[in-house]
Amino acid sequence: MDQWGSDGSQQSTTMTIVLAEVTIPSESFELGEILHDHQKLRIELTPFVPTGNGLIPYFWVEAADQDEFAAAVRRDERVAALTVVDEGADKRLYHIEWADSMSTNGFLEAIRTNDVIVESGVGTSDTWRFTLRAATHDALASFQQFCTDNGIELAVHRVYSPATGEYDTDGLTVSQRDALRVASRLGYFQTPSRATLEEVGEELGISSQAASRRIRRAVETLVDNTVILE
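Rules used throughout
Residues numbered from 1 in each chain as written. Predicted model: local features only at pLDDT ≥ 70, side-chain atom pairs only at ≥ 80, totals over all residues. Heavy atoms only, no water. Core = buried A, V, L, I, M, F, W, Y, C linked by side-chain atoms within 4.5 Å. Buried < 20%, exposed > 50% of the residue type's maximum accessible area, 1.4 Å probe, protein only. Helix = DSSP H or I, 4+ residues; strand = E, 2+ residues; numbered from the N terminus. Contact = heavy atoms within 4.5 Å. Pairing = 2+ DSSP bridges.

A.B. asks: Is there a simple way to explain the nonpolar core in this structure?
C.D. replies: Soluble globular proteins tend to pack their nonpolar side chains together in the buried interior. Ranked by size, the top nonpolar core spans 40 residues in total, and within it F29, F59, F69, F130 and F143 carry the most contacts. Ranked by residues supplied to this core, first place goes to helix α5 (residues 137-149) with 5 residues. In contact with F130, other than residues within four places in its own chain, are A20, E21, V22, I24, F29, L45, F107, V118, S120 and G121. L172, L180, A183 and I215 belong to the second largest nonpolar core, which has 9 residues in total.

A.B. asks: Would you mind showing me how to read the pairing of strand β1 (residues 18-25) here?
C.D. replies: The side chains of a regular strand alternate, first on one face of the sheet and then on the other. Across the 8 residues that make up β1, a large majority, 7, are buried. The pairing of β1 with strand β7 (residues 127-134) spans 8 bridges and is antiparallel. Within the sheet, the bridge partner assigned to V22 lies in β7 and is F130.

A.B. asks: I keep staring at unusual backbone geometry and nothing clicks. Help me out?
C.D. replies: Trans is the common state for peptide bonds, and a negative phi is the common state for residues other than glycine. Cis rather than trans, the peptide bond between T191 and P192 has omega equal to -5°. Within the secondary structure, P192 is located in the loop between α6 (174-186) and α7 (197-204). Although it is not a glycine, D115 sits at a positive phi angle of roughly 55°. Tracing the backbone shows D115 in the loop between α4 (107-113) and β6 (117-123). On the basis of relative accessible area, D115 is assigned to the exposed category, the value being 62%.

By themselves, these observations are geometric and do not establish any function.
Pasting the structure below:
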């Protein structure tokens, strides 16, 4: 099974809508980073589609002090404007505009450059959980690889194809999956081992240290996402 639980031949002949449920630390998400110091709040994004530089989500906020929350966000140099759009009994709907000078090298950039749509997102000062939508497994794989390459701690909890009912929970990146395949083929995991990290790295075109890190992260990801820990 290929990346994100897809079949290679299906990727080349069909286009299947794929959903992924992921979590990231708040500091890996621009909006979450701005709100990191606000302990008593809950934010719910409305669905948004990346359009060039126009990553402008609407979001509902439940906060102990809405005015203090809004003032803190507006003070941030990355925010051009924050507008109250609607108000309920215990929450407000905001519209945020990012400053032109803001450098997006985090989660927003990962979404923008990989044709991924945010279907839903709920966050606190510590963690954000998203449901993402993409047209293909490849798009999600590229998104995941971008996060890995840019140091975004992305945890994949579930990947689901509504049309087929298929889902996958291993959450490996393409490079991690390749590392495990090469290591297994060369006999690295056998006892005694039939291959060294140098040999695995040479096959992958990377150093032995990089091969070690890639294999270790792949194993950690498999344990986190496929093993129920007590």
